[in-house]
Amino acid sequence: MEAKHRPVLLEETVGALSVRPVGRYVDGTLGRAGHTRAILARGGVVLGIDRDDAALADVGALGLDGLTIAKGNHGDVASIARAHGWDAVDGVLLDLGVSSPQLDEAERGFSFLREGPLDMRMDRSGGETAADLVNGADAERLAEIFRTLGEEPQARRIARALVAAREKGTRFATTTDLADFVERLVGRHGGHHPATRVFQALRMAVNDELGELTRALDGGLAILKPGGRFAVITFESLSDRIVKRFFAAHIGKMRALQQGGEAWEGDEPKARAVTRKAVVAGAAELELNPRARSAKLRVIERA
């Protein structure tokens, strides 16, 4: 497991959380527990949440002292924490996106670099797959997904071509079925595979990633103690924009009053910035882990 997974921005994240002995920390996206193990090593105790059964089984087999594991979505972080008696915690961590093991396991269907079923569900116990969407959604819905979640400039063209191919009997069952189709349609331009944005959009739609993130931000801040810290790592611009705006709204600003003086303006509960701008991986980390290149860390502290 260690060889397959390297947590991004590890020292920066755990350092910004300011872990204290016996402090309570919620890892809402446990994955393979890379960040959690560093928190435990500093004396913290962790409630780790994940919806991926494979990840939960791998971490459970480690028998880590101080770790409580719960299956669930990070959007439900507040209710899960409270159900375990964690009503006020010292820190919350969200490491968003797809883990290295998920990308590397062809049967999960996250990567167009490996042929596997077009699945993309983080929780494989139920729900709509990427294949269900590609083979069942109409052109309007597919175009909206590709445009809003993948920021794909050819969203409408790709969506219409997929539906036209389906009407002629084509079925998209594997990752390479879809990736090869998109590549033939739009060609290769630059360094990225032409299906990159389409795969990102489908993954985010299948797992309701932006909805989960919005709920997780509200829930995570709600269970923080005053002085507790909230760290979020994102890997694409849509999620980072949501985190940036949410944190800025709770940090707020001082507004000049017409009658004189100032008043704070923002969303409750108040917070202060721990990181003034997004923290990104340095050259040394990028050399060891190229997947960290798009990672951005933002941290606030509840006032």
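Counting restarts for each chain, with residues numbered from 1 along the sequence as it is written. With pLDDT at 70 or above as the cut-off, local features in this predicted model cover only qualifying residues; side-chain atom pairs require 80 or more to be listed or tallied, and sums for whole chains, interfaces and linings still use all residues. Where side-chain values are given, they derive from all heavy atoms of the structure, hydrogens and water being excluded.

Student: In this structure, what is going on with the overall build of the chain? I would like to understand it.
Tutor: By the criteria applied, helices consist of DSSP H or I runs no shorter than four residues and strands consist of E runs no shorter than two, each listed in order from the N terminus. The helix and strand inventory of the chain stands at 13 helices and 9 strands. Atoms considered for the radius of gyration are the C-alpha atoms alone. The globule rule reads 2.2 Å times the number of residues to the power 0.38. Here the chain has a C-alpha radius of gyration of 21 Å; the compact-globule value for 303 residues is 19 Å, and the two agree. By principal-axis analysis of the C-alpha atoms, the chain measures approximately 65 × 60 × 40 Å. When burial is assessed residue by residue, the chain has 50% of its 303 residues classed as buried. Put simply, of all contacts in the chain between residues at least 6 apart along the chain, 63% involve residues at least 24 apart. The Shrake-Rupley method, run with a 1.4 Å probe sphere, supplies the accessible areas, and residue values consider only the shown protein chains as cover. Only carbon and sulfur atoms are counted for the fraction: they give 49% of the accessible area of the chain, which is about 14000 Å². Neither His nor the chain ends is counted toward charge; the positive residues are Lys and Arg and the negative residues Asp and Glu. A charged residue contributes its charge at one atom only: NZ of Lys, CZ of Arg, CG of Asp or CD of Glu. Positive and negative side-chain charges of the chain, numbering 43 and 43 respectively, have mean locations separated by a distance of 4 Å. Using a 1.4 Å probe on the protein chains alone, a residue whose accessible area is under 20% of its type maximum counts as buried, one over 50% counts as exposed, and one in between counts as partly exposed. What makes two residues a contact is simply this: any of their non-hydrogen atoms within 4.5 Å.

Student: What is the right way to read the nonpolar core from this model?
Tutor: As a rule of thumb, soluble globular proteins bury nonpolar side chains together. Take the buried Ala, Val, Leu, Ile, Met, Phe, Trp, Tyr and Cys residues and link them wherever side-chain atoms come within 4.5 Å; each set so joined is a nonpolar core. Ranked by size, the top nonpolar core spans 36 residues in total, and within it Leu118, Phe146, Leu162, Leu178, Phe199 and Leu202 carry the most contacts. Of all elements in the fold, only helix 6 (130–136), helix 7 (139–150), helix 8 (155–167), helix 9 (175–186) and helix 10 (196–206) reach the threshold of two or more residues within this core. In terms of residue count, the dominant contributor to this core is helix 8 (7 residues). Beyond its immediate stretch of four places on either side in the chain, Phe146 contacts Glu151, Glu152, Ala155, Ile158, Ala159, Leu162, Val198, Ala201 and Leu202. In this structure, Val26, Val77, Leu217 and Val243 belong to the second largest nonpolar core, which totals 26 residues.

Student: Could you clarify how one ought to interpret unusual backbone geometry in this entry?
Tutor: Excluding glycine, residues mostly have negative phi values, and the peptide bonds linking residues are mostly trans. A cis geometry characterises the amide bond from Glu268 onward to Pro269, with omega recorded as -5 degrees. Its location among the elements puts Pro269 in the loop between strand 7 (262–265) and strand 8 (271–273). Of note in this structure, Ala33 is not a glycine but carries a positive phi near 65 degrees. With respect to the helices and strands, Ala33 occurs in the loop between strand 1 (24–27) and helix 2 (34–41).

Student: So what exactly am I meant to see when it comes to the sheet that holds strand 2 (residues 45–50) here?
Tutor: The strands making up a sheet associate through hydrogen bonds between their backbones, and the pairing can be parallel or antiparallel. By definition, two strands form a pair when at least two bridges between them are found by DSSP. The 7 strands lie next to each other as 3-2-1-4-5-9-8, forming an open sheet whose pairing is mixed. Of all strands in the sheet, those bounded by a partner on one side alone are strand 3 (67–71) and strand 8. In this sheet, neighbouring strand axes are inclined to one another by 20 degrees on average, regardless of whether the strands run parallel or antiparallel. Inspection of the sheet shows strand 8 paired to strand 9 (residues 296–302) by 3 bridges, in the antiparallel sense. Pairing of Ala271 across the sheet is with Arg302, part of strand 9. In this description, a line fitted to the C-alpha atoms serves as the axis of each element, helices being fitted only across the stretch in contact, and the angle between N-to-C directions of two axes falls anywhere from 0 to 180 degrees. Packing of helix 1 (residues 10–17) onto the sheet brings it into contact with strand 1, strand 4 (89–95), strand 5 (224–234) and strand 9, and relative to strand 5 it is tilted by some 165 degrees.

Student: Looking at this model, I keep getting lost on the pattern of salt bridges. Mind explaining?
Tutor: Where charged atoms of side chains with opposite charge meet at close range, the side chains can pair. Put simply, a salt bridge is a Lys or Arg side-chain nitrogen that is within 4 Å of an Asp or Glu carboxyl oxygen. With the rule as written, the count across this model stands at 21 salt bridges. Asp52 is the salt-bridge partner of Arg108, the closest N and O atoms lying 2.9 Å from each other. Of this pair, Arg108 sits in the loop between helix 5 (100–104) and helix 6 while Asp52 is found in the loop between strand 2 and helix 3 (53–60), placing the two residues 56 residues apart along the sequence. When its relative accessible area of 0% is taken as the criterion, Arg108 is described as buried. The partner of Glu128 in a salt bridge is Arg141, and the shortest N-O contact between them spans 3.5 Å.

Student: Can you walk me through the environment of Leu217 in this structure?
Tutor: Note on placement: Leu217 falls in helix 11 (residues 209–222). Between the C-alpha atoms of Leu217 and Asp76, which are 141 residues apart in sequence, the distance is 10.0 Å. Apart from the residues within four sequence positions on either side, Leu217 is in contact with Phe230, Val232, Ile242, Val243, Phe246 and Phe247.

Student: Could you clarify how one ought to interpret helix 1 in this entry?
Tutor: Owing to its 3.6 residues per turn, the α-helix aligns residues three or four sequence positions apart on the same side. Every buried residue of helix 1 is accounted for by Thr13, Val14, Ala16 and Leu17. All buried residues of helix 1 lie within an arc of 160 degrees about the axis, which places them on one face of the element. For helix 1, the elements touching its buried residues are strand 1, helix 2, strand 4, strand 5 and strand 9. After helix 1 finishes, the residue Ser18 shows a positive phi value of roughly 50 degrees. Starting at the helix axis, one direction is taken to each C-beta atom, and the arc is that of these directions.

Student: Just to check I follow, could you spell out the side chain of Gln102 for this structure?
Tutor: Of note, Gln102 is situated in helix 5. Exposure remark for Gln102: the relative accessible area of 6% places this residue in the buried category. In the analysis that follows, any N or O atom pair within 3.5 Å is treated as a polar contact, provided that within protein one partner can donate a hydrogen and the other can accept it, and provided that, for residues neighboring in sequence, both atoms belong to side chains. A distance of 2.7 Å separates the side chain of Gln102 from the side chain of Asp52, its partner in a polar contact. Polar contacts involving the side chain of Gln102 include one to the main-chain amide nitrogen of Ser99, which spans 3.0 Å.

Student: Would you mind going over the layout of surface pockets with me for this structure?
Tutor: Space left empty within the atom packing is revealed by a probe, the size of a water molecule, rolled over the atoms. Roughly 200 Å³ of internal volume is contained in the second largest pocket. Forming the boundary of the second largest pocket are Lys244, Phe247, Ala248, Ile251, Ala273, Thr275, Arg276, Lys277, Arg298, Val299 and Ile300. Mapped onto the lining of the second largest pocket, the elements with two or more residues apiece are helix 12 (237–251) and strand 9. Per-element tally for the lining of the second largest pocket: the top contributor is helix 12, with 4 residues. Class assignment for the residues of the lining of the second largest pocket results in 6 nonpolar, 1 polar and 4 charged. Whether a set of points on the 1 Å grid over the protein atoms alone is a cavity depends on a 1.4 Å probe fitting there but being unable to get out, while an open set qualifies as a pocket with protein on both sides within 12 Å along at least five of seven lines; lining residues are those with an atom within 4 Å of a point. Grid points are joined across faces, edges and corners, and a volume is the space filled by probe spheres set on the points. Each residue is assigned to one class: nonpolar for Ala, Val, Leu, Ile, Met, Phe, Trp, Tyr, Cys and Pro, charged for Asp, Glu, Lys and Arg, and polar for all the others, Gly among them.

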